[in-house]
Amino acid sequence: MERGRRSRAASSRLSELPMRVQDSNRMSMAYTTPKSKQPSFGKLNIPKPQSGTSERRTSFFGARTASMPRNSTMSGFGASEKIKDTRPLHDKSYVQQCIRQLHEFLTEHGYPGSLSSKTLQSPSTKEFVKIFEFVYRQLDPTFEMPNSKVEEEVPAILKALRYPFVLSKSSMYSVGAPHTWPQALGALMWLIDQVKINWCLSKQDLLFSDFGEDTDEIEEGAKYNKLLLDYTAESYSMFMQGDDTFEDLDEMFLNKLKKLYNVDEALLAEMEEKNRIFNEEVERLEKDSQTDRLMTKRIERVQRQADLKKLQSYKSNLDIFEANLQNRTSELSDELETTGSHLVSLKHEQNELQHLLQNQKFTPADVERINREKNELQQTISCLSKSLEDAEQHKWNEEIALAKVKEKVELKVAEYQKLARKLKLIPLSAENACGHDFEIRSFEFGPGNTVQHNAQIKMVLRKLLSDVEEENSRLANMKFSMEESKEQVNSNMVDKSNDLKQLKEQIRKLDERLDSDMQEQAHEEQDWAAEMESMDGHRALLEKKVNCGYDEGVQQLKAAQQQYHLVLQETNEERRIVTNNLVSVFTTAASHLSVTEKCLEDLHSRVQRLCAKTVEEDEADLQKLRETLKSFKSKANV
């Protein structure tokens, strides 16, 4: 692949070597690789499809979760703001419908545990975790729920999946509670919807699935490589023959590439024209919308600020409401614990009585008394369970009624606040507030204080109305005086119009003089243009002469290069002969030296033998022989 990239990079320009002649007609645009050329050929640039696993994960975690509906009032805030859940999770019929759908989904897909509609009415935390793990494994079969910190793991997974609503960690401790189970059930139904969407996407065929298969075959196949190698060989051959421009060869290569990629030039021109028209339309629309953009942004900022104040007040009210609900919940839980302990004690007594009944003999009167007490205890248990159900139902109805009343009150208060902001009476520092607080804060006062607060606001508003009427009368008097001054200004305007006529006459005379000056300047420009034409002709003649001299110099340069090559060949031949002669001389000298060394060694051994024989004969002769040997050795060394 790296070699293919190098070959395409080499073809993106005409030659790696410098040009012999600088040509102004050289192509200004070099060929690029077929991949970069594909859009200009009208060919769609579609990436290769990913594998099934990666497609499933990206489609679920990315684009699908981003398409969830968002509240319009929350669109201008950050991601940390809570989104209001529009699903009727407090409606019992809707909750029962969700439970049926959950039961059908788990049954159809082989949930391993025991299931029943009664169990799903208020499941325990352990059962909820098992259901959540089974549903999430439909998305990720390798998922394993950890044994510890499950209450933190489930909200973290939902947050990673971009669940648009908040499932708190505290709600995981009591999932089956009446105020917690609807939110948890809503999260499970959202997760099931994501599973179904993921299955639908995995079953669909990929768009243009057969397109990416032939792309690499064309770009990296034998046809493209053959065209590229032929073009490279022919251009290099022409370059070695002395050419520096390859217009005909480039045009031929471009036609072959168009034929290979099935280029429709008419369609390409039509698409370019449409693109130009669309760009012009976009520029025009941007210029038209540029004027009103600042005003719209200011209006949006005011709306966002109002929404932020509403949300802050609503949050404070919700905190108060949540505290009240927690208090009532704690009271009911205490009552439920006491009832449970009483029920346990009754069961214990019943067991003791049954044990006594089995081990002892009773009279008929004792049996009747025991049966009567048993019936009384059963009636007490049924009454207590019924009272518990009634208390829970009453709690549910009271919560719903309180929420509806709060919504109505908040709507009325919001209408009042909107009207007051239009009249610039809110906030306290507004233009028409005059230091008075006209804002109505929900849940801030009791019933009596609210009436008193409304009476004070009405009193201040009446006073404000009288001030406005006085201001209106003052403005009417001012209008009358302004009309009188307007008449005076009109008379002054008549005088100024006469002066303006005189100035226009002077301007007309100046325009006539300007026209005469412009005509004289035009004559001078014509003379200058004629002179420029003569200078251009002279310049063209000089350029022609320079080009002729340049061509002669290029020819002389080529002749000098040919002569240089001949001289270089002769020099190389002489150098080779001299080298051969030197090698033969050095070989002869080395052989002569080796023969001389061998003779000297033989002579040295012969002299040693003679010395050994004559050592005993004569010391004087030995001395002479030693001197003779030394002189001979010195001569041999020389």
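Structure: above.
Trainee: How do you make sense of the environment of Leu 228 when you look at a structure like this?
Mentor: If you trace the backbone, Leu 228 turns up in helix 9 (residues 222–240). Separated by 29 residues in sequence, Leu 228 and Leu 257 place their C-alpha atoms 9.6 Å apart.

Trainee: I would appreciate a short explanation of helix 13 (residues 364–422) in the present structure.
Mentor: A turn of α-helix holds 3.6 residues, and therefore any two residues three or four places apart point the same way. Taking 1.5 Å of rise per residue, the 59 residues of helix 13 would be expected to cover 87 Å, and the 87 Å separating its terminal C-alpha atoms lies within 8% of that figure. Of the positions making up helix 13, those classed as buried are Ile 370, Lys 395, Trp 396, Glu 399, Lys 406, Val 413, Gln 417 and Ala 420. Of the residues flanking the end of helix 13, it is Lys 424, one or two places downstream, whose phi is positive at about 60°.

Trainee: Whenever I open this one, the pattern of salt bridges confuses me. Can you help?
Mentor: Between side chains of opposite charge, pairing is possible as soon as their charged atoms come close. In this structure the tally under the stated criterion is 13 salt bridges. With its nearest N and O atoms 3.7 Å apart, the salt bridge here joins Glu 270 to Lys 274. Here Glu 270 pairs with Lys 274, and both are found in helix 11 (residues 265–290), just four residues apart, close to one helical turn. Across the salt bridge formed by Glu 280 and Arg 276, the nearest N and O atoms sit 2.7 Å from each other. Highlighted residues: Glu 280 and Arg 276, both in helix 11, separated by four residues, approximately one helical turn.

Trainee: Please explain a negative patch on the surface as it appears in this structure.
Mentor: Together, Asp 511, Asp 515, Asp 517, Glu 520, Glu 524, Glu 525, Asp 527 and Glu 531 make up a region of like negative charge exposed at the surface. With respect to the helices and strands, the residue Glu 520 is situated in helix 14 (residues 447–614).

Trainee: Is there a simple way to think about the packing of helix 5 (residues 125–137) against helix 6 (residues 150–160) in this case?
Mentor: The relative placement of two packed helices comes down to the angle between their axes together with the axis-to-axis distance. At a minimum axis separation of 12 Å, helix 5 and helix 6 run at an interaxial angle of 35°. In this structure, helix 5 meets helix 6 at a crossing whose hand is left-handed. In this structure, helix 5 contributes Phe 128, Val 129, Phe 132 and Tyr 136 to the contact, and helix 6 contributes Val 150, Val 154, Ile 157 and Leu 158. Broken down by class, the residue content of the contact of helix 5 with helix 6 amounts to eight nonpolar, no polar and no charged.

Trainee: Sorry if this is basic, but what is going on with the packing of aromatic side chains here?
Mentor: For any pair of aromatic rings, the description rests on two quantities: the centre-to-centre distance and the angle between the ring planes. Inspection of the entire model under this criterion finds nine aromatic pairs. Where Phe 128 meets Trp 181, the ring centres are 6.5 Å apart and the plane angle is 90°; that geometry is what we call edge-to-face. Here Phe 128 is found in helix 5, whereas its partner Trp 181 is found in helix 7 (residues 181–203), with 53 residues between them in sequence. For the pair Phe 128 and Trp 181, one class covers both residues: buried. Seen from their ring centres, Tyr 231 and Phe 253 are 4.5 Å apart, and the 25° between their planes marks the pair as stacked.

Reading the values: rules and limits
Residues numbered from 1 in each chain as written. Predicted model: local features only at pLDDT ≥ 70, side-chain atom pairs only at ≥ 80, totals over all residues. Heavy atoms only, no water. Helix = DSSP H or I, 4+ residues; strand = E, 2+ residues; numbered from the N terminus. Expected span 1.5 Å × (residues − 1). Buried < 20%, exposed > 50% of the residue type's maximum accessible area, 1.4 Å probe, protein only. Salt bridge = Lys/Arg side-chain N within 4 Å of Asp/Glu carboxyl O. Patch = residues over 30% accessible without salt bridge, like charges linked within 9 Å, V, L, I, M, F, W, Y side chains within 5 Å. Areas by Shrake-Rupley, 256 points an atom, 1.4 Å probe, with all protein chains shown as cover. Lys, Arg positive; Asp, Glu negative; His and termini not counted. Charge placed at Lys NZ, Arg CZ, Asp CG, Glu CD. Axes fitted to C-alpha atoms, helices over the stretch in contact; angles between N-to-C directions. Left-handed = near helix turned anticlockwise from the far one by under 90°. Contact = heavy atoms within 4.5 Å. Nonpolar A, V, L, I, M, F, W, Y, C, P; charged D, E, K, R; others polar. Phe/Tyr/Trp six-rings, centres within 6.5 Å; stacked < 30°, edge-to-face > 60°.

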